Amino acid sequence: MQEQQHRIERQVHLPLSKAFEIALRNIRIRFGRSMITASGILLGIAFLATVITQIAAQNALNIEVTEELRMRNIWLVTLALLMSTIGITNSMLMSVTERFKEIGTMKCLGALDRFVVTMFILEGMLMGVIASVLGAVVGAGVQLLAIGFGQGWSVIGKLDWGVLTGRLGLCILLGGGLTFLATIAPAYRAAKMPPAAALRVEI
Amino acid sequence: MASNEYVVRTKDLSKEFMLGGVPLRALDNVQLDIRRGEYVSIMGPSGSGKSTLFNMIGGLDKPTHGTVFINDVDMAQLDAQELAYLRCRTIGYIFQTFNLIPVMTALENVTLPTVFAGVPTDEGIERGIELLNIVGLGERLHHKPSELSGGQQQRVAIARSLANNPAIILADEPTGNLDLKTGKEIITLLKKLNQEQGVTIISATHDLKMLDVSDRVVWIRDGRIERIEERADLDIKVGEMEGVES
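Residues numbered from 1 in each chain as written. Chains lettered and ligands numbered in written order. Predicted model: local features only at pLDDT ≥ 70, side-chain atom pairs only at ≥ 80, totals over all residues. Heavy atoms only, no water.

Caption draft 1: Focus on the interface of chain B and chain A. Counting residues at the interface gives 39 residues for chain B, matched by 35 residues for chain A. Both faces considered, chain B and chain A share a buried interface measuring about 3,500 Å² in area, 59% of it formed by carbon and sulfur atoms. The salt bridge involving D79 of chain B is made with R10 of chain A; its shortest N-O contact spans 2.3 Å. Applying the counting criterion to the chain B and chain A interface returns 9 residue pairs in polar contact (both at pLDDT 80 or more). At the level of secondary structure, the elements contributing two or more residues to the side of chain B that touches chain A comprise α2 (80-89) and α3 (106-116) of chain B. With 8 residues, α2 of chain B is the single largest residue contributor to the side of chain B that touches chain A. (Contact = heavy atoms within 4.5 Å. Buried area = accessible area lost by both parts, 1.4 Å probe. Salt bridge = Lys/Arg side-chain N within 4 Å of Asp/Glu carboxyl O. Polar contact = N/O pair within 3.5 Å; in protein donor to acceptor, adjacent residues only side chain to side chain. Helix = DSSP H or I, 4+ residues; strand = E, 2+ residues; numbered from the N terminus.)

What follows is the structure, given as C-alpha cells:
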C-alpha cells in the first residue's frame, strides 16, 4: 500500500455532483441570505421584463416610441441590472470570505482549485437562474396585468407572443450571465489562496 | 515501530513573512528527518514557528529557502495538481479547530477525501463507516458537526485524516481546543493509530501530555530547532525499560 505512495501523480478528479450537492446545501443552510441575494437579481430582471412587455404592448398598438423615452428605458434598465450585479457580487464575496477556512480544509483534503471555483459558481448560478426565471415571470405578469387593466384586455391578445417569450428568455440568459460574472471573481480569489493562508483567517 | 526509512526530510528550511514591511524569519534553517512510523511532537511556545513548520511539511505554504522532501519527493517541484494528489493521499491533516465541513454529516466529512481521490461511492462509504467505528463514533454517522461535542468532532477529523490511508498524519495543536480528559483521549487514539496502522504522526503542540506518547520531541524556539529529545531521554524519570528498545 505505502509503496505506491512514493509515486506522485496528478490529481484529476473533479466530483461535479459533490460540488452541486455542497452548493445546494450552502444555499439551503443560509436560506434567508440566499433569498436576499436572489431577490436582488429577481428585481433587476423583473424590471427588465416589465419594460420588454411594455414595448411589446406598444408595438401591438402601433404606438410610436420616442427616441428619448427609449434611451431613458435603456438607462434605467442598465442601472437596475448593474445594481443587481453589484449586489450579488457583494453577497458572493461575503459567502466566500466567511468560508475561507472551509476552502482551505477542502484543499487539504485534495480538492483542486477548479473544484472550489465550480462549487461557488454553481452556488451563484443556482440562485441567479432561479431568480431570473422568477423575475421574468413576475415582471412580465405584473406588466400584463397593468396593461389589461389600463388599456383593455384586448391588447393582450394582440401581443406578438413569439417575440415576447423570446425576449423574456433572453432576460433569463442575461440574469444567468450577470450572476456568472458576479461570482467568478470571488470564486477565483477563494480558490487561488494558499491553504495555509485560508486556514489562518479568523473572522 | 519506526523504520529507518525517512518519510519526511527538510533541508535548510527557512520561511520569512513580511510583517509591516519588515521581514520576520519564522523558520531559520531547519533540518529535520522523520522516520516512517514515528510519533514526533514539535513543541514550542506560540509564535515559535511550529505552525509554520507544520504548513511547510504539509505542503500548505511554500518555503522562502530550502526544501521539504516527502517520501524523497521534493515538494517544490510539484505543480498544483500533484500537490493536491499528495495532500489527498499521502498526508492526513488534523487541526486545532477541527475544521469539519459544517453542512455535511460525520460520515460525509469522512468520505469527502475519498470523493476527491475518485474512490467509488459505495467503497468510500464503507471505508467511512469503518473509520468512524475505529474512532468510536459508529453510532453518530449521520450527525452534523454542530450536533457533536468538541472531542467527537476531533474524532471525526481523525477518521477523515485516515480516509485515503495516508503515510503521514499532520496534527496542528490537536488538543488545543479540548479539555484535559478529552485531550488525553485524543492523544491515546492517535497513539493507537500510530501503533496499529503504522501511520507516521507529526504533531505541532504545546500540550505536555503529548510527551508520554512521543518517540521523539523536537523543541522549537524562534524558528530554530533548540533540541531533539529521543524516547530514551524522555523516559529517564519512568525507568530505562522503554528506552532500551528505541
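Next comes the rest of the account.
Caption draft 2: Examining the pairing of strand β7 (residues 168-172) of chain B more closely. Residues and elements named next belong to chain B. In terms of residue burial, β7 counts as a mostly covered element, since 5 of its 5 residues are buried. Across the two faces of β7 the burial is the same, with I168, L170 and D172 and I169 and A171 all buried. Pairing of strand β6 (residues 91-94) with β7, which is carried by 4 bridges, proceeds in the parallel orientation. Residue I91 lies in a different strand from β7, and its bridge partner there is I168. Sheet analysis places β7 next to strand β8 (residues 200-205), joined by 5 bridges and oriented parallel. Directly across from D172, in β8, lies its bridge partner A204. Handedness of the β-α-β unit built from β7, helix α6 (residues 180-197) and β8 comes out right-handed. (Buried < 20%, exposed > 50% of the residue type's maximum accessible area, 1.4 Å probe, protein only. Pairing = 2+ DSSP bridges. Right-handed = clockwise from strand over helix to strand, strands pointing away.)

Caption draft 3: Structural view of empty space enclosed by the protein. Residues and elements named next belong to chain A. Scanning the model with the defined rule gives 2 cavities of 30 Å³ or more in all. Roughly 90 Å³ of volume is contained in the largest cavity. Lining the largest cavity we find N26, R30, R33, S34, T37, S91, M92, S95, R99, E123 and M127. Among the elements of the structure, α2 (31-60), α3 (67-97) and α5 (113-151) are those that each provide at least two residues to the lining of the largest cavity. (1 Å grid on protein atoms, 1.4 Å probe; cavity = no way out; pocket = protein on both sides within 12 Å on 5 of 7 lines; lining within 4 Å. Points joined across faces, edges and corners; volume = space filled by probe spheres on them.)

Caption draft 4: Summary view of the layout of surface pockets. Estimated volume of the largest pocket: approximately 740 Å³. In terms of lining residues, the largest pocket is bounded by 27 residues, among which R200 of chain A together with S51, T52, N55 and D172 of chain B are the most central. Where the lining of the largest pocket is concerned, the elements lending two or more residues are α8 (195-200) of chain A together with β2 (22-35) and α1 (50-57) of chain B. Class assignment of the residues belonging to the lining of the largest pocket gives a composition of 7 nonpolar, 12 polar and 8 charged. Residue lining of the second largest pocket: 28 residues in total, with K62, D79, A80, L83 and R87 of chain B positioned closest to the centre. (Nonpolar A, V, L, I, M, F, W, Y, C, P; charged D, E, K, R; others polar.)

Caption draft 5: Layout of the packing of aromatic side chains. Within the structure shown, the criterion is met by 3 aromatic pairs over all chains. An angle of 85° between the planes, with centres 4.8 Å apart, marks the rings of F115 of chain A and F116 of chain B as edge-to-face. Linking F115 of chain A in helix α5 with F116 of chain B in helix α3, this pair reaches from one chain into another. Here the basic side chain of R9 of chain B rests over the ring of F69 of chain B, its NZ or CZ set 4.9 Å away from the ring centre. (Phe/Tyr/Trp six-rings, centres within 6.5 Å; stacked < 30°, edge-to-face > 60°. Lys NZ or Arg CZ within 6 Å of the ring centre and 35° of its normal.)

Caption draft 6: Spatial organisation of the sheet that holds strand β3 (residues 39-43) of chain B. Residues and elements named next belong to chain B. A sheet is described by the order of its strands in space; here 6 strands give the open sequence β6-β7-β8-β3-β9-β10, paired in mixed fashion. Edge strands, defined here as strands with exactly one partner in the open sheet, are β6 and β10 (224-230). Within the sheet, the average angular offset between the axes of one strand and its neighbour, ignoring direction, is 15°. Against the sheet, helix α5 (residues 150-161) engages β6 and β7, with an angle of about 170° to β6. (Axes fitted to C-alpha atoms, helices over the stretch in contact; angles between N-to-C directions.)

Caption draft 7: Fine view of the sheet that holds β2 of chain B. Residue and element names in this part refer to chain B. Pairing is antiparallel across the open sheet formed by 4 strands, whose spatial order is β2-β1-β4-β5. Two strands lie at the open edges of the sheet, namely β2 and β5 (73-74), each paired on one side alone. This element, α1, spans β1 (6-19), β2 and β4 (65-70) of the sheet and lies at about 125° to β1.

Caption draft 8: Representation of the packing of helix α4 (residues 100-108) of chain A against α5 of chain A. All names here are of chain A. In contact at an axis separation of 10 Å, α4 and α5 are set at 140° when each is read in the N-to-C sense. One finds that α4 runs oblique with respect to α5. Between α4 and α5 lies a crossing of right-handed hand. For the pair α4 and α5, the contacting residues are I103, M106 and K107 in the first and D113, F115, V116, M119 and F120 in the second. Here the residues of the contact of α4 with α5 are counted per class, giving 6 nonpolar, no polar and 2 charged. (Parallel < 35°, antiparallel > 145°, perpendicular 65-115°, else oblique. Left-handed = near helix turned anticlockwise from the far one by under 90°.)

Caption draft 9: Local environment of α3 of chain A. Residue and element names in this part refer to chain A. Taking 1.5 Å of rise per residue, 31 residues should cover 45 Å, and α3 covers 45 Å from first to last C-alpha, within 8% of that figure. By the burial criterion, the buried members of α3 are V77, A80, L81, S84, T85, I88, S91, M92, S95 and V96. Elements that come into contact with the buried residues of α3 comprise α2, α4, α5 and α7 (161-192). (Expected span 1.5 Å × (residues − 1).)

Caption draft 10: Quick peek at unusual backbone geometry. Residue and element names in this part refer to chain B. Phi is positive for N29, which is not a glycine, with a value near 50°. Its identity is not glycine, yet E173 carries a phi of approximately 45°, on the positive side. Here E173 lies in the loop between β7 and α6.

Caption draft 11: Examining the environment of T85 of chain A more closely. Residue and element names in this part refer to chain A. Assignment of secondary structure puts T85 in helix α3. With relative accessibility at 15%, the residue T85 sits in the buried group. Spatially, the C-alpha atoms of T85 and I172 are 14 Å apart, while their sequence positions differ by 87 residues. Those residues within four positions of T85 in sequence are excluded, and the remaining contacts are L178 and A182.

Caption draft 12: Representation of a nonpolar patch on the surface in the model. All names here are of chain A. On the surface, a cluster of nonpolar side chains totalling about 580 Å² of accessible area is made up of F47, W75, L76, L79, L82 and I86. Ranked by residue count, the leading element in the nonpolar patch is α3, at 5 residues. Within the secondary structure layout, L76 lies in helix α3. Residue class for L76 comes out partly exposed when judged on its relative accessible area of 36%. (Patch = residues over 30% accessible without salt bridge, like charges linked within 9 Å, V, L, I, M, F, W, Y side chains within 5 Å. Areas by Shrake-Rupley, 256 points an atom, 1.4 Å probe, with all protein chains shown as cover.)

Function cannot be read off these values alone, since they describe shape.
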